[in-house]
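Remarks on the overall topology
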Amino acid sequence: MQRKIEVCLTPALINLYTITESIVVVIDILRATSSIVYGIDNGAEAIIPVAQVEECLTYADKGFLLAAERNGEVVAGYDFGNSPFSYTPDKVAGKTVVLTTTNGTKALHLARKAHQVVIGSFLNLESLCSWLKTQDRDILLLCAGWKDQFNLEDTIFAGAVVQQLRSSFVLSDDASVAAEDLYILAKDNLRAYVGKSSHSNRMVALNIEEDVQFCLQLNICTAIPVLVGDSLVALKK
Ligand code: MLT
């Protein structure tokens, strides 16, 4: 049977999909999944995604780094938030990070019932797509969006994956077609197109535009974070 690829445009739509036998790729380009990919690629032992800020605190005396972001800002009292610049080798190599973010970690929790949950970003696009092509499973690309609403940057990334996989998979929903079309529209100047997005504007207002630029880099990482139990770790390819 031919494998299919679908795009879930927001977490609010996840219940419309049967995911128990599928691979779900969680996508939150600005910035959760970009930072997770970067952190695992830089040698973080594990990143534990938790849905609530208070849940981070239950890990407080385990020697882990605690990271919390809400509405684009670091939550006061935490080691850091969701900026990729906090996930460099000097900060995370060999360490476990407990992370909560506004949308990304919530989407991750909604995906838990899947056969396998992996993390996608422009940083590991090539490596992710090469691996997905070798898997005998249907794929759901889950966009984290913004507070259950559609967003541009996650959909554009989903479209980039669709474009790479379309020759090996059946496209069975209009969301995949729309995502790919949006990617084709945006790909020659990703920064300019993503500049139209609400979260990019939010980040510019917070003076963290360099994070946007960073998260749009292509293929600087090869790691594919995979959810094992409660932790995201590097997939053994
Ligand atoms: C999120 O999970 O909502 C985002 O990654 C927000 C951000 O930190 O930019």
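Predicted, not measured: the structure shown is a model, and the values here were computed from it.

Side note on the packing of aromatic side chains
Taken as a whole and assessed by the stated rule, the structure comprises 5 aromatic pairs. Where Phe 122 meets Phe 157, the ring centres are 5.1 Å apart and the plane angle is 85°; that geometry is what we call edge-to-face. Of this pair, Phe 122 sits in the loop between strand S7 (116-120) and helix H5 (125-133) while Phe 157 sits in helix H6 (residues 152-165); the two residues are 35 residues apart in sequence, bridging distant segments of the chain. Site record: aromatic cluster; members linked through ring pairs are Tyr 38, Phe 85 and Phe 214. Sitting over the ring of Phe 169, Arg 3 keeps its end group 4.1 Å from the ring centre.

Points about unusual backbone geometry
Look at the link from Leu 30 to Arg 31: it is a cis peptide, with omega at 0°. Position of Arg 31 among the secondary structure elements: in the loop between strand S2 (23-27) and helix H1 (32-41). You will see that Asn 71, though not glycine, has its phi angle at about 55°, which is positive. Relative to the elements of secondary structure, Asn 71 occurs in the loop between strand S4 (65-70) and strand S5 (73-74). The exposure class assigned to Asn 71 is partly exposed, which follows from its relative accessible area of 35%. Of note, the phi angle at Asn 207 is positive, near 65°, even though the residue is not glycine. Following the sequence through the fold, Asn 207 ends up in the loop between helix H9 (198-205) and helix H10 (209-215).

Rules behind the numbers
- Every chain is numbered independently, its residues counted from 1 as its sequence is written.
- Reporting in this predicted model follows two pLDDT cut-offs: at least 70 for local features of residues, and 80 or more for side-chain atom pairs to be given and counted; totals over whole chains, interfaces and linings ignore these cut-offs and use all residues.
- The basis for the side-chain values is all heavy atoms of the structure; hydrogens and waters are excluded.
- Planes of paired rings set the category: under 30 degrees apart is stacked, over 60 is edge-to-face and the rest tilted, where pairs are Phe, Tyr or Trp rings (Trp by its six-membered ring) whose centres lie within 6.5 Å.
- The secondary structure listing takes helices from DSSP runs of H or I that are at least 4 residues long and strands from runs of E that are at least 2 residues long, numbered from the N terminus.
- By definition here, charges over rings are those cases where NZ of Lys or CZ of Arg is within 6 Å of the ring centre and within 35 degrees of the ring normal.
- Relative accessibility decides the category of a residue: with a 1.4 Å probe and only protein chains considered, values under 20% of the type maximum give buried, values over 50% give exposed, and everything between is partly exposed.

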